[in-house]
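Descriptive analysis of the structure
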Amino acid sequence: MRRKTVALLLALTLCLSLLSACGADSKPDGEPSTAGNTSSPTEQQPAEKQEEQPSQEPEQTEPEESEEPTQEPEPENNAGTEFLALLQEEWNNGFVEGEGPRRTYFNNRKFFLLNGVVYILGDMDYSSEYVSSYYTYNIATKEFSEAISPDVRRTNDQIVSFMDGNHYYMNCGWEEQNEIKFGCIAVDSNSAVLNSCAVQSDWNTFYAFFEKGILAVSTLDNSIEPVFLSYDLEKIADIPYPQKEIEHGLTEPVYLWFHNSTAFAADGTLYVKADSSLYRLNTDTCEWENIGSAPSLGEGTSFWGKYLSWKDGVYDRVTGEQVFEYGELYPAVNNKSGLCYFGGDKYLGCKNNEYRWVSLTDLSMSDPLPFPEGKDVVVLNDTYCAYEDSYGWFLWNYNTGTEETIKTK
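Residues numbered from 1 in each chain as written. Predicted model: local features only at pLDDT ≥ 70, side-chain atom pairs only at ≥ 80, totals over all residues. Heavy atoms only, no water.

What to know about the overall build of the protein chain
The number of helices and strands found in the protein chain is 3 helices and 30 strands. Sorting the 409 residues of the protein chain into buried and exposed places 42% on the buried side. Within the protein chain, residue pairs in contact and separated by at least 24 positions form 36% of the contacts whose partners lie at least 6 positions apart. With an accessible surface of roughly 24000 Å², the protein chain has 46% of that area assigned to carbon and sulfur atoms. (Helix = DSSP H or I, 4+ residues; strand = E, 2+ residues; numbered from the N terminus. Buried < 20%, exposed > 50% of the residue type's maximum accessible area, 1.4 Å probe, protein only. Contact = heavy atoms within 4.5 Å. Areas by Shrake-Rupley, 256 points an atom, 1.4 Å probe, with all protein chains shown as cover.)

A word on the packing of aromatic side chains
Within the structure shown, the criterion is met by 30 aromatic pairs. Taking 5.2 Å as the distance between ring centres and 40 degrees as the angle between the ring planes, the aromatic pair formed by Phe95 and Tyr105 counts as tilted. Of this pair, Phe95 sits in the loop between α3 (75-93) and β1 (98-99) while Tyr105 sits in strand β2 (residues 104-107), placing them 10 residues apart in sequence. This pair shows no difference in class: Phe95 is buried, exactly as Tyr105 is. Positioned over the ring face of Trp357 is Lys346, at 4.2 Å from the centre of the ring. (Phe/Tyr/Trp six-rings, centres within 6.5 Å; stacked < 30°, edge-to-face > 60°. Lys NZ or Arg CZ within 6 Å of the ring centre and 35° of its normal.)

Points about the confidence of the model for the protein chain
Counting all residues, the mean pLDDT for the protein chain is 81, and 76% of those residues have values of 70 or more. Low pLDDT (under 50) marks residues 18-55, which in the prediction has 4 contacts with non-local residues, meaning those over four places away or in another chain. (pLDDT = per-residue confidence, 0-100.)

What to know about the sheet that holds β2
Two modes of strand pairing occur in sheets, parallel and antiparallel, and in both the strands are linked by backbone hydrogen bonds. Overall, antiparallel pairing links the 6 strands, which are arranged β1-β2-β7-β8-β9-β10 in an open sheet. A single partner strand is all that each edge strand has here, and the edge strands are β1 and β10 (193-197). (Pairing = 2+ DSSP bridges.)

A word on the pattern of salt bridges
Two side chains of opposite charge can pair, provided their charged atoms sit close to one another. Inspection of every chain in the model, using the stated rule, returns 15 salt bridges. Put simply, Arg103 and Asp164 hold a salt bridge, and the shortest N to O gap is 3.7 Å. Residue Arg103 is located in the loop between β1 and β2, and its partner Asp164 is located in the loop between β7 (159-163) and β8 (166-175); the two are separated by 61 residues in the primary sequence. Each of the salt bridges in this network shares a partner with another, and the network as a whole consists of Arg102, Arg103, Asp164 and Glu211. (Salt bridge = Lys/Arg side-chain N within 4 Å of Asp/Glu carboxyl O.)

Some thoughts on the environment of Glu354
Mapping Glu354 onto the fold places it in strand β26 (residues 354-359). The spatial distance from the C-alpha of Glu354 to the C-alpha of Val333 is 10.0 Å, given a sequence separation of 21 residues. Leaving out residues up to four positions away in the same chain, Glu354 has contacts with Tyr330, Gly349 and Pro368.

With respect to the side chain of Glu404
Topologically, Glu404 is positioned in strand β30 (residues 402-408). A polar contact of 2.9 Å, which involves the side chain of Glu404, links it to the side chain of Lys142. (Polar contact = N/O pair within 3.5 Å; in protein donor to acceptor, adjacent residues only side chain to side chain.)

Observations concerning the sheet that holds strand β12 (residues 213-218)
Strand order in the open sheet made by the 4 strands is β11-β12-β13-β14, with antiparallel pairing throughout. One side of each edge strand has no neighbouring strand; the edge strands of this open sheet are β11 (205-210) and β14 (235-238). Ignoring which end each strand starts from, the neighbouring axes of this sheet average 20 degrees apart. As paired elements, β12 and strand β13 (residues 227-229) share 3 bridges and run antiparallel to each other. Looking at the pairing, Ala216 lines up with Val227 of β13. (Axes fitted to C-alpha atoms, helices over the stretch in contact; angles between N-to-C directions.)

Details of unusual backbone geometry
The backbone of His248 sits at a positive phi, close to 65 degrees, despite the residue not being glycine. Assignment of secondary structure puts His248 in the loop between β15 (243-245) and β16 (251-253). Judged by its relative accessible area of 73%, His248 is exposed. Of note, Lys311 is a non-glycine position whose phi angle comes to about 55 degrees, a positive value.

Some words on the nonpolar core
Core analysis: the biggest nonpolar cluster contains 53 residues, and Tyr169, Phe303, Phe324, Tyr347, Leu348, Phe371 and Tyr398 have the highest contact counts within it. A total of 4 residues in this core trace back to one element, the largest contributor, which is α3. If you look at the next biggest cluster of nonpolar residues, it comprises 37 residues, including Tyr207, Val217, Tyr231 and Leu256. (Core = buried A, V, L, I, M, F, W, Y, C linked by side-chain atoms within 4.5 Å.)

Comments concerning the pairing of strand β9 (residues 180-187)
Direction of pairing for β8 relative to β9: antiparallel, over a ladder of 8 bridges. Within the sheet, the bridge partner assigned to Tyr169 lies in β9 and is Ile185. In textbook terms, the turn of a hairpin is the stretch between consecutive antiparallel strands, and for β8 and β9 this stretch comprises 4 residues, one of which, Gln177, has a positive phi near 55 degrees. Sheet analysis places β9 next to β10, joined by 4 bridges and oriented antiparallel. Note on β10: the bridge partner recorded for Ala186 is Asn195.

Observations concerning the pairing of strand β4 (residues 117-121)
The buried fraction of β4 amounts to 5 of the 5 residues, a majority that puts the element mostly inside the structure. Between the end of strand β3 (residues 111-114) and the start of β4, which pair antiparallel, lie 2 residues, with Asn115 showing a positive phi angle near 50 degrees. In the sheet, β4 pairs with strand β5 (residues 134-138) via 5 bridges, with the strands oriented antiparallel. Each bridged residue has a counterpart across the sheet, and for Leu121 the counterpart in β5 is Tyr134.

Remarks on the state of the cysteines
Enumeration over the complete set of coordinates arrives at 0 disulfides. Considering cysteine sulfurs only, Cys184 is the nearest to Cys172, which forms no disulfide, with 8.0 Å between them. Judged by its relative accessible area of 0%, Cys172 is buried. (Disulfide = S-S within 2.5 Å.)

Quick word on the environment of Tyr231
Mapped onto the secondary structure, Tyr231 falls in the loop between β13 and β14. Tyr231 sits 63 residues away from Tyr168 along the chain, and the two C-alpha atoms are 9.5 Å apart. Once you skip the residues sitting within four places of it in the chain, Tyr231 turns out to touch Phe95, Arg103, Met163, Tyr168, Phe209, Phe210, Glu211, Lys212, Gly213 and Ile214. In terms of polar contacts, Tyr231 uses its side chain to reach the backbone carbonyl oxygen of Phe210, at 2.3 Å.

So, in structure tokens, the structure goes:
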């Protein structure tokens, strides 16, 4: 009996002990247990809060490859520098009007400048049977002189060109063995006659200067073949007109009507347009070569050498390709006003009678240049222009806006 009582008490004690332990872990709903946690209550956060916190570890991302910044030029700038390279190539190797590194050539200019001396073709006196004279003005010494006055009879279509120190009077007459002959006569800077060449029966002839010499072509009589001359007016060869095929296997000549808008010097020889084709003079065989359809370019103005300023840009006369687009830039000064390129990295542009330098390296333009207002100027080089008015001949520095008198009337 005693043993049963002790066993019952032990069992009861064990049950009470178990019930006490279970009650210690019991908490109200929503209150987390802190058993086994040694952290302070402020360090504990609900599970939802912990999920909202950003991870302390940096995200593992693929490193971006660093690319070197490209410095490709803008298309406009690239076009300018490409055109500049073409101009400088033509300046060094082409046949151009102006004072270049290889030779100097001017065609029928009222004014031109060479080695610091201004040459002025005097007014033609139609009461006289002789051609007008060239006057000269030395800018450094201020000396004015009438140095060139050849004994050459004039015609209404007189043309005067200058090549490497000599003057060529074309479509003029002179007396030779009591006979008046017409053609071309060359004189030096002291008015001494160097040579003459009567190349046709009439007085109206087109003279095309190019790298290898001069081509003289009659503009009135196509029965006279063009004549290839040296610069000292010695005859090299007659150049037959090219032939084209017609019906029945026959051929007929293609008459090349030369004028300033159809004939031009380029690539060491002469080109001319005729019958929608472009012909090239082969100076080795002295024959014309048909190189294909002529580019459909209008009557623009010579930019430099074989390049033509026309409408919206500059074109290659041989290929017809546009090599430079003006856009908002000033176009080159027209050919009647004189030259526009002088071998550097810029050209002289003009728009609405306002002149600016146009840089081909960055396609920028200078401020307006101080050109004389209301004057019909001829651009001489990258510093001077000249003009004539009712008071005389005047020289103008268009970079500084200063004037000096060449001669008053």
